[in-house]
Amino acid sequence: MQIKHSRGSYEIRFRDFDEAMAELPPGCLIVTDDHVLELWGHRFPLGSRVHSLPPGEASKSLSEYQILIEWMIQREARRGTMLAVIGGGVVGDLAGFAAATYMRGIPLVQIPTTLLAQVDASVGGKVGIDLPEGKNLLGCFYQPLRVEICAETMGTLPLRHFKNGMAEVVKYGVILDPALLGRLSEEELTPDHPDLREIIRECVRLKADVVAEDEFETTGKRAILNFGHTVGHALETVTGYGPILHGEAVCVGMRVEAKIAELIGHGAAGTLATVEEALSRQGLPASTPELGRTDELLAVMRRDKKATGSGYAFALPVRAGECKLVTDVPESAVKEALQTS
Ligand SMILES: NC(=O)c1ccc[n+]([C@@H]2O[C@H](COP(=O)([O-])OP(=O)(O)OC[C@H]3O[C@@H](n4cnc5c(N)ncnc54)[C@H](O)[C@@H]3O)[C@@H](O)[C@H]2O)c1
Ligand SMILES: [Zn+2]
């Protein structure tokens with residue numbers, strides 16, 4: 001699949017892990033995390049130089065960024081040195097940001113190994129790190145040289161992380177694809193489902209189309225990918241990045257934001273029920289006690305990148321398969337949705 005962007009294009013390839021490894025140049029720098037290294041490291045190319053991070057969202061930090069940059073300096077990385085990232089969205093975002101900023105940019109290959117990173121994080125060129133004040137607060141747009149999606153890596157992914165990725169799959173259904181949403185409402189998708197590869201490919205295509213229309217998130221089109229994320233990111237921020245996984249936070253966020261849409265009379269009646277049905281069918285969390293931390297959540301959401309000053313900003317579903325950015329949502333509706341979800 002070819003992805004066009006302002007400075008050219010790159011390919012997303014769907015193939016075996018060993019094929020993807022065979023194409024990495026000798027001595028290539030690889031960034032991964034300790035879980036992925038343990039499970040897949042024996043298949044990394046011989047002679048590659050590997051930096052492994054502690055697994056988990058807490059590694060998407062300024063301190064791990066600095067450690068990685070220093071490692072790259074010690075390995076004498078140059079402008080043309082390739083950095084391959086093998087892992088989930090955490091290493092993808094962090095090492096992608098390092099590749100984007102080291103010597104103003106070195107070639108990057110993304111090899112995502114979680115469902116969430118395959119259907120979402122590795123596509124679209126957003127890279128960055130979290131700060132204590134907010135998630136992804138430091139980052140940029142940086143397109144990779146290519147993305148290698150190896151569905152076989154799903155074979156070792158723990159179920160909780162598979163479900164975590166399913167939250168983003170449901171999101172695509174809600175915002176763009178009523179047929180996908182309908183299917184997800186009827187049948188639970190499992191890691192060994194025969195259609196999983198096809199669904200991953202469909203999600204990548206949906207995201208790539210949106211990103212192609214609005215690469216730098218300036219027209220509002222790309223903002224629809226943020227459905228569930230304003231509340232989701234706030235939940236991740238107030239809990240200190242880690243206890244609630246990104247997809248789990250987004251799942252609760254989608255329920256709250258669909259409720260906000262209903263409360264302000266945005267979109268077709270019954271949309272909230274449709275969203276909830278698909279999430280429940282996929283065995284995703286219904287709520288979290290952390291929603292009770294209303295004031296903290298509101299404070300984080302006021303700093304959201306989409307917020308304009310006249311109110312809270314959310315990408316809200318209009319109906320199944322359609323979503324719109326709304327920038328003047330009153331605080332009373334946000335509060336009520338948090339308190340009743
Ligand atoms: N850049 C973007 O556009 C974008 C989009 C969505 C999410 N994200 C970011 O992605 C991050 C979440 O990514 P994630 O859910 O992949 O988390 P993650 O990178 O922490 O990976 C989840 C866990 O799975 C393990 N793992 C990875 N691959 C495995 C495999 N094949 N087998 C066994 N274990 C494996 C990891 O070690 C980790 O413990 C968040 O920081 C989020 O903000 C970015
Ligand atoms: Zn997400």
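Structure's up top.
Residues numbered from 1 in each chain as written. Chains lettered and ligands numbered in written order. Predicted model: local features only at pLDDT ≥ 70, side-chain atom pairs only at ≥ 80, totals over all residues. Heavy atoms only, no water.

Q: Mind showing me how you'd approach the overall build of the protein chain here?
A: When helices and strands are counted, the protein chain shows 13 helices and eleven strands. On C-alpha atoms alone, the protein chain measures out to a radius of gyration of 19 Å, which is about the 20 Å that the 2.2 N^0.38 rule sets for 341 residues. With the C-alpha coordinates aligned to their principal axes, the bounding extent of the protein chain is approximately 60 × 40 × 35 Å. For the protein chain, buried positions account for 57% of its 341 residues. Pairs at least 24 apart in sequence give 72% of the contacts found in the protein chain among residues at least 6 apart. Surface exposure of the protein chain reaches about 13900 Å², of which carbon and sulfur atoms provide 52%. (Helix = DSSP H or I, 4+ residues; strand = E, 2+ residues; numbered from the N terminus. Rg over C-alpha atoms; globule rule 2.2 N^0.38 Å. Buried < 20%, exposed > 50% of the residue type's maximum accessible area, 1.4 Å probe, protein only. Contact = heavy atoms within 4.5 Å. Areas by Shrake-Rupley, 256 points an atom, 1.4 Å probe, with all protein chains shown as cover.)

Q: Would you mind showing me how to read the site of ligand 1 here?
A: Around ligand 1, a shell composed of 27 residues is seen, among which D33, E57, T113, T114 and T156 lie nearest. Contacts to ligand 1 include N164, whose side-chain N or O atom sits 3.1 Å from an oxygen atom. In isolation ligand 1 has 870 Å² of accessible area, and contact with the protein removes 93% of it. Of all the elements in the fold, those that place two or more residues in the shell around ligand 1 are α2 (34-40), α4 (89-101), α5 (115-121) and α6 (159-176). Examining the composition of the shell around ligand 1, we find that four residues originate from one element, α2, more than from any other. Within the shell around ligand 1, the residues separate by chemical class into nine nonpolar, ten polar and eight charged. (Near = heavy atom within 4 Å. Polar contact = N/O pair within 3.5 Å; in protein donor to acceptor, adjacent residues only side chain to side chain. Nonpolar A, V, L, I, M, F, W, Y, C, P; charged D, E, K, R; others polar.)

Q: Help me out: how do you make sense of the pairing of strand β2 (residues 8-14) in this one?
A: The side chains of a regular strand alternate, first on one face of the sheet and then on the other. Relative to β2, strand β1 (residues 2-5) runs antiparallel, the two being bridged by four bridges. Looking at the pairing, Q2 lines up with E11 of β2. As consecutive antiparallel partners, β1 and β2 are separated by two residues. Bridge analysis of β2 against strand β9 (residues 146-149) gives four bridges, and the strand direction is parallel. In the sheet register, F14 faces β9, and the bridge partner there is I149. (Pairing = 2+ DSSP bridges.)

Q: Even after reading the chapter, I still don't get the pairing of β9, so can you show me in this structure?
A: Judged by which residues are buried, β9 turns out to be covered on both faces: R146 and E148 on one side and V147 and I149 on the other are all buried. Note: strand β6 (residues 108-112) against β9, two bridges, orientation parallel. Pairing of V109 across the sheet is with R146, part of β9.

Q: Would you mind showing me how to read the side chain of Q110 here?
A: Here Q110 shows up in strand β6. Since its relative accessible area comes to 6%, Q110 is described here as buried. Excluding its chain neighbours within four sequence positions, the residues that come into contact with Q110 are V85, G92, S122, P144, R146, V147 and E148.

Q: Help me out: how do you make sense of α4 in this one?
A: Since there are 3.6 residues in each turn of an α-helix, residues three or four apart along the chain are aligned in direction. A rise of 1.5 Å per residue sets the reference length of α4, with its 13 residues, at 18 Å; its end C-alpha atoms lie 18 Å apart and thus fit the reference within 8%. Extensive coverage of α4 is indicated by the burial of twelve of its 13 residues. Listed as buried for α4 are G89, V90, V91, G92, D93, L94, A95, G96, F97, A98, A99 and A100. Looking one or two places after α4, you find M103, whose phi comes out positive at around 50 degrees. (Expected span 1.5 Å × (residues − 1).)

Q: Please clarify how the packing of aromatic side chains should be interpreted in this entry.
A: Evaluation of the coordinates by the stated rule reveals three aromatic pairs. With 4.8 Å between their ring centres and 55 degrees between their planes, F17 and W40 make a pair best called tilted. With a gap of 23 residues between them, F17 in helix α1 (residues 17-22) and W40 in helix α2 connect regions that are remote in the sequence. Each member of the pair, F17 together with W40, is buried. With a centroid separation of 5.3 Å and an interplanar angle of 90 degrees, the aromatic rings of F141 and F216 are classed as edge-to-face. Of this pair, F141 sits in strand β8 (residues 134-141) while F216 sits in the loop between α8 (196-213) and α9 (229-238), placing them 75 residues apart in sequence. (Phe/Tyr/Trp six-rings, centres within 6.5 Å; stacked < 30°, edge-to-face > 60°.)

Q: What should I look at first to understand the layout of surface pockets in this one?
A: In this approach a probe as big as a water molecule rolls over the atoms, and the regions it shows empty are the leftover space. In this structure, the second largest pocket occupies an estimated 290 Å³ of space. If you trace the second largest pocket, you find 17 residues lining it, with H5, R7, Y142, Q143 and P144 closest to the centre. A per-class count over the lining of the second largest pocket returns ten nonpolar, four polar and three charged. (1 Å grid on protein atoms, 1.4 Å probe; cavity = no way out; pocket = protein on both sides within 12 Å on 5 of 7 lines; lining within 4 Å. Points joined across faces, edges and corners; volume = space filled by probe spheres on them.)

Read these as geometric descriptors, not functional statements.
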